[in-house]
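# Chain and residue survey
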Amino acid sequence: MQPTTAAILGGVAGMLISFLVWAAITMSDRERAVEPEPEPEVPRGVGDVLAVLRSSGLVLDHSGGVVKSSPAAITYGIVRNGRLVHPEISAMVAQVARDGVIREAQLELSRSGLSNVAYVAARVAPLGTEHVLLLVDDQTQGRRVEETRRDFVANVSHELKTPVGGISLLAEAVMDAKDDPEAVDRFARRMQSEAVRLSSLIKEIVELSRLQGTPVLQDPQLVEIEDVVALALEHLRIEAEAKSITLTDKVADDLYVRGDEDMLITAVRNLVGNAISYSDPDTAVGVGARLQGDTVEIAVTDQGPGIPEHEQARIFERFYRMDAARSRATGGTGLGLSIVKHICANHGGDIQVWSDGAHGSTFTIRLPVAAESLEAVTPQPPTPTPTPKESRT
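Residues numbered from 1 in each chain as written. Predicted model: local features only at pLDDT ≥ 70, side-chain atom pairs only at ≥ 80, totals over all residues. Heavy atoms only, no water.

## Side note on the packing of aromatic side chains
Taken as a whole and assessed by the stated rule, the structure comprises zero aromatic pairs. Positioned above the aromatic ring of Phe187 is the side chain of Arg186, whose terminal nitrogen or guanidinium carbon lies 5.1 Å from the ring centre. (Phe/Tyr/Trp six-rings, centres within 6.5 Å; stacked < 30°, edge-to-face > 60°. Lys NZ or Arg CZ within 6 Å of the ring centre and 35° of its normal.)

## Description of the nonpolar core
Counting residues in hydrophobic clusters, the biggest one holds 44 residues, and the most contacted among them are Ile225, Val272, Ile298, Phe363 and Ile365. Per-element accounting of this core gives the leading share, nine residues, to helix 8 (residues 261-278). With residues near it in sequence (within four places) discarded, Val272 still touches Leu233, Leu236, Leu247, Val285, Val287 and Val300. With 19 residues, the next largest nonpolar core counts Leu60, Leu84, Met92 and Leu134 among its residues. (Core = buried A, V, L, I, M, F, W, Y, C linked by side-chain atoms within 4.5 Å. Buried < 20%, exposed > 50% of the residue type's maximum accessible area, 1.4 Å probe, protein only. Helix = DSSP H or I, 4+ residues; strand = E, 2+ residues; numbered from the N terminus. Contact = heavy atoms within 4.5 Å.)

## Quick notes on the pairing of strand 6 (residues 117-127)
Counting buried positions along strand 6 yields eight of 11 residues, so the element is predominantly enclosed. Direction of pairing for strand 5 (residues 103-110) relative to strand 6: antiparallel, over a ladder of eight bridges. In the sheet register, Gln106 faces strand 6, and the bridge partner there is Ala121. Inspection of the sheet shows strand 6 paired to strand 7 (residues 131-138) by eight bridges, in the antiparallel sense. When the sheet's bridge partners are listed, Ala125 is paired in strand 7 with Leu133. In this antiparallel pair of consecutive strands, strand 6 and strand 7, the connection spans three residues, and Gly128 shows a positive phi of 75°. (Pairing = 2+ DSSP bridges.)

## Remarks on the sheet that holds strand 11 (residues 284-292)
Read across the open sheet, the five strands follow the order 9-11-12-14-13; overall the sheet is mixed. At either end of the open sheet lies a strand with only one pairing partner, and these are strand 9 (246-251) and strand 13 (350-355). Averaged over all adjacent pairs, the angle separating strand axes in this sheet is 15°, with direction ignored. Note: strand 12 (residues 295-302) against strand 14 (residues 361-368), eight bridges, orientation antiparallel. (Axes fitted to C-alpha atoms, helices over the stretch in contact; angles between N-to-C directions.)

## Description of the pairing of strand 7
The sheet contact formed by strand 1 (residues 56-61) and strand 7 spans six bridges and is antiparallel. Across the sheet, residue Asp61 finds its bridge partner in strand 7, namely His131.

## Thoughts on the pattern of salt bridges
Close approach of charged atoms lets side chains of opposite charge pair. Scanning the entire structure with this criterion turns up seven salt bridges. Among the ionic pairs, Asp185 bridges to Arg189, the shortest N-O distance being 3.1 Å. Here Asp185 pairs with Arg189, and both are found in helix 6 (residues 181-213), just four residues apart, close to one helical turn. For Glu297, the salt bridge is made with Arg290, and the minimal N-O distance between the two is 3.1 Å. For Glu297, a relative accessible area of 14% gives the class buried. Its relative accessible area of 22% is what places Arg290 among the partly exposed residues. Three or more residues are tied together by salt bridges with common partners; here these are Arg290, Glu297, Asp350 and Arg366. (Salt bridge = Lys/Arg side-chain N within 4 Å of Asp/Glu carboxyl O.)

Take a look at the structure:
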């Protein structure tokens, strides 16, 4: 081959190789330049809605991965490490992802590390073509309220059976003893006593139901504490005199709260009535009221047998009696302190109890002070109510 021909063929081969290399580089750059297909976006506004939901809300992809979630979902423990925690909910999400049919169910979910369960209502629906929306509403508190209501009805039924059964038996006894005037008189008096107890029980059940149904006072009025204490004691002076119990009161001037005067009188009367019932004859029951910071405190102190520490947390429960036999003997229903607790709660306050467990106890109602008190009075040193030791001297 001539040198000239060889040179020409070499040049052509070089050009061909260069072209092939350029074509390969160009194709590689184009492949790298192709962007990956974007994932389907969550519909606009879904994130904002989830952020304000009180219930747990989540957006998931069809594999069960969490794309967006509300703060409640994380706090409540529905989500952990970007996945659903509970297999019951995961199964619902998988079914909706397959067939696109909305599903809802009532579930009992176990809580990690806890022996109790949570009752929830779960609803799953498709969101676009690639996502699923999950809403979980915690209904545990509602279940507990319903259980409390059932217990209340059961307790009421049980408590009503005792006086009603007693009256029925006494009526039969009266009929059998119709030829014995003395026996008839004795049974009639016992029937009257049971009837009074039954009437008191029904009245307190109605009162408690009314208080529970009205958690917030609709039209609170300005109430002077001095009037509340005076009227409460006036209702009970005859009962106290029958047991030779001295009623004393020491109320600071110009103490006002916002609320319902009749309810507050009932609360103080219940506490003083309990103190009289559980105190021995020839003792004293003291009522004191003072301004403590921005709180009005009304304290009722007695010289009764005291309340053991392990009982103090339970005495405000409905129908709870520390000494059931003695409570029935004194005509107690087990609702008085529960009523006081609800009245305090309705007024934005609370009630506390102190006792050394052996001698005497003090119940203290604490209520927010009205602005009129702060304007009329400057805080004064505490005016203690009579203690058991002071009352004996």
